[in-house]
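The lines below spell out each chain.
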Amino acid sequence: MMSVALLVGCDSSETVNNFTTNSENLPSTEIFVQGQHLLPNDLQTRAGLAWPYHNENEDWETARFSIRADGTLPGYIDQSSALYYGRSPGKDGQNRGRVYRLYPYGHYNDRDLDYYQRDKKTGSNIGLFRYVYDPTGMKTQLPLLEVPSVLNILADEKTDIENGTSRASLDAVNALMEKGEEYLNSHVLWYVVKEVGMRYGWHVNGIITDYEVPRYEFSADHVPDNVEVDIHQQEHTDWNEIKTSIHIRTDCESVSINIPLKYEDIVEQDDFAIRVFDFDYSEYTITHTITHDENGITIAITNIPAELIAKLKQNFGDGLTVEIHSYCTKSDFWEELAKSTVLKTGKPCTVNGQISSAFHDEVLPIYIKQP
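Bear in mind that the values here come from a model prediction, so they are computed numbers and not experimental data. (Residues numbered from 1 in each chain as written. Predicted model: local features only at pLDDT ≥ 70, side-chain atom pairs only at ≥ 80, totals over all residues. Heavy atoms only, no water.)

1. A few points about the overall build of the protein
No. 1: What the protein contains, in helices and strands, is 6 helices and 22 strands.
No. 2: Every one of the 371 residues in the protein was classed for burial, and the buried ones make up 50%.
No. 3: Intrachain contacts of the protein at a sequence separation of at least 6 include 70% that bridge at least 24 residues.
No. 4: Of the roughly 17,800 Å² of accessible surface on the protein, 47% is carried by carbon and sulfur atoms. (Helix = DSSP H or I, 4+ residues; strand = E, 2+ residues; numbered from the N terminus. Buried < 20%, exposed > 50% of the residue type's maximum accessible area, 1.4 Å probe, protein only. Contact = heavy atoms within 4.5 Å. Areas by Shrake-Rupley, 256 points an atom, 1.4 Å probe, with all protein chains shown as cover.)

Right under this line is the structure:
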């Protein structure tokens, strides 16, 4: 599954280079941490947007766990709610399952819609946010903190059928329930964990298989102790996008990176020289500062807690993942991109990475500036 940013065309090249127009036709820098989309601090109160809910002081969120009624494993778009058994959390006061919110989720926007776009008729948020999809049902086990009883899910569906609030087949539900608690819990394959655009919007979907689903295990000892930086130029119709992926797997305190584009080639919807994005988790606030000036694009991530990095590696087999999506007018800026540099880290550590482009076969190691 590929993460796709919503891109829209501009009216003219004059608009592109006029950074004081605040034109809505221009793309804007985007930052994602663990798959969660961040807004810059000066835009946090932008009107008309609905944000995903999360527990400020805890590591979990409630989720709706549903079982695929027809027993098939769909693609990530074929998710019609009519094909699942399962209730929303809190409907009868029960906690029906929980997911970790700090898992390193991917991110995407469904049906090429903006992440935080609202339906014009209902006002509902129709974007999708974080997700993990695995048709083998292995990696989806890591973000699951508490899995509800499959037998209870089916019992609820049976009650709804008897009350006339479900059109599911009573015979089909009874046939599954006869398999028993132990069989059902060991034969369910949870294939997707996704956050949809609503409060308490986590959904976990699964199917009941005819084989026992094995447990996914990993060793934190095999996780690299490093900072890895990947810079890639992506090809799009209207704009040239640079995706900078930063994987922080060690106690580095901070890291800063420079992409030496010409200032006039940088595209930004809002005119700014410096913009700050904070990622809050429990007592920690990790600060992401993006600077656009004559030196190009400079990315600085500070206040990175060593305790958090260690926790992520131990629980999920990876560190903190940060993605920065930047935009420019030129399609041919390989020479500038090839000079991208990791400027410094707060503590000495192993740093590596690569630079690549959709327009070039060559893959270059990123330059590491020595202190």
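2. Things to note about the packing of aromatic side chains
No. 1: All told, the structure shown has 6 aromatic pairs when counted by the stated rule.
No. 2: Each ring, one from Y103 and one from Y105, has its centre 5.0 Å from the other, and the planes form 70°; the classification is edge-to-face. Each member of the pair, Y103 as well as Y105, is classed as buried.
No. 3: Ring geometry for Y133 and Y191: centres 6.4 Å apart, planes at 85°, overall edge-to-face. (Phe/Tyr/Trp six-rings, centres within 6.5 Å; stacked < 30°, edge-to-face > 60°.)

3. Observations concerning the pattern of salt bridges
No. 1: All told, the structure shown has 10 salt bridges when counted by the stated rule.
No. 2: The salt bridge partner of R130 is E195, with a shortest N-O separation of 2.8 Å. Here E195 lies in strand β9 (residues 188-196) and R130 lies in strand β7 (residues 128-133), a separation of 65 residues in the sequence.
No. 3: Looking at R130, the relative accessible area reads 2%, which means it is buried.
No. 4: In this structure E195 comes out as buried when scored by relative accessible area, which is 2%.
No. 5: Taken together, the salt bridges that share partners define one network made up of E61, R130 and E195. (Salt bridge = Lys/Arg side-chain N within 4 Å of Asp/Glu carboxyl O.)

4. Quick notes on helix α2 (residues 150-162)
No. 1: Taking 1.5 Å as the rise per residue, α2 with 13 residues should run 18 Å; its terminal C-alpha atoms sit 19 Å apart, in good agreement.
No. 2: Considered for burial, the residues of α2 that qualify are V150, I153, L154, D156, E157, D160 and I161. Projection of α2 onto a plane perpendicular to its axis shows the buried side chains occupying an angular sector of 155°, all on one side.
No. 3: Tucked inside the fold, the buried residues of α2 contact β3 (60-68), β4 (84-85), α3 (170-177), α4 (181-187), β9 and β10 (202-208).
No. 4: For α2, the capping residue at the N-terminal end is S149, with a side-chain oxygen 3.3 Å from the backbone nitrogen of L151.
No. 5: One or two residues past the end of α2 sits G164, with phi positive at roughly 80°. (Expected span 1.5 Å × (residues − 1). Arc of directions from axis to C-beta. Polar contact = N/O pair within 3.5 Å; in protein donor to acceptor, adjacent residues only side chain to side chain.)

5. Examining unusual backbone geometry
No. 1: Positive phi is not limited to glycine here, since Q34 has a value of about 55°.
No. 2: Note that Q34 resides in the loop between β1 (30-33) and β2 (36-38).
No. 3: Q34 sits in the buried class, given a relative accessible area of 2%.
No. 4: At E253, a position not held by glycine, the phi torsion is positive, near 70°.

6. Description of the sheet that holds strand β19 (residues 341-345)
Strand pairing in a sheet relies on backbone hydrogen bonds. The paired strands run either parallel or antiparallel.
No. 1: Taken together, 6 strands build an open sheet; the order of strands is β15-β16-β17-β13-β19-β22 and the sheet is mixed. Both outer strands of the open sheet, β15 (274-281) and β22 (367-368), are each paired with one neighbouring strand and no more.
No. 2: With 8 bridges joining them, β15 and strand β16 (residues 284-293) adopt antiparallel strand pairing. By the bridge assignment for β16, Y281 is matched with Y284. (Pairing = 2+ DSSP bridges.)

7. Focus on the side chain of S326
No. 1: Topologically, S326 is positioned in strand β18 (residues 320-328).
No. 2: The buried category is assigned to S326, whose relative accessible area is 2%.
No. 3: When residues no more than four places from it in sequence are discounted, the contact partners of S326 are N240, E241, I242 and I297.

8. Some details on the side chain of S256
No. 1: By the secondary structure assignment, S256 is in strand β13 (residues 255-259).
No. 2: Classification of S256 by relative accessible area gives buried; the value is 9%.
No. 3: Excluding residues that lie within four positions of it along the chain, S256 makes contacts with I299, A300, T341, V342, L343 and K344.

9. A few points about the packing of α2 against α3
No. 1: Here α2 crosses α3 at 155°, and the two axes come no closer than 10 Å. The orientation of α2 with respect to α3, classified from their angle, is roughly antiparallel. As for the relative orientation of α2 and α3, their crossing is left-handed in sense. For the pair α2 and α3, contact is made by L151, L154, A155, E157, K158 and I161 and by L170, V173, N174, L176 and M177, respectively.
No. 2: Considered class by class, the residues forming the contact of α2 with α3 number 8 nonpolar, 1 polar and 2 charged. (Axes fitted to C-alpha atoms, helices over the stretch in contact; angles between N-to-C directions. Parallel < 35°, antiparallel > 145°, perpendicular 65-115°, else oblique. Left-handed = near helix turned anticlockwise from the far one by under 90°. Nonpolar A, V, L, I, M, F, W, Y, C, P; charged D, E, K, R; others polar.)

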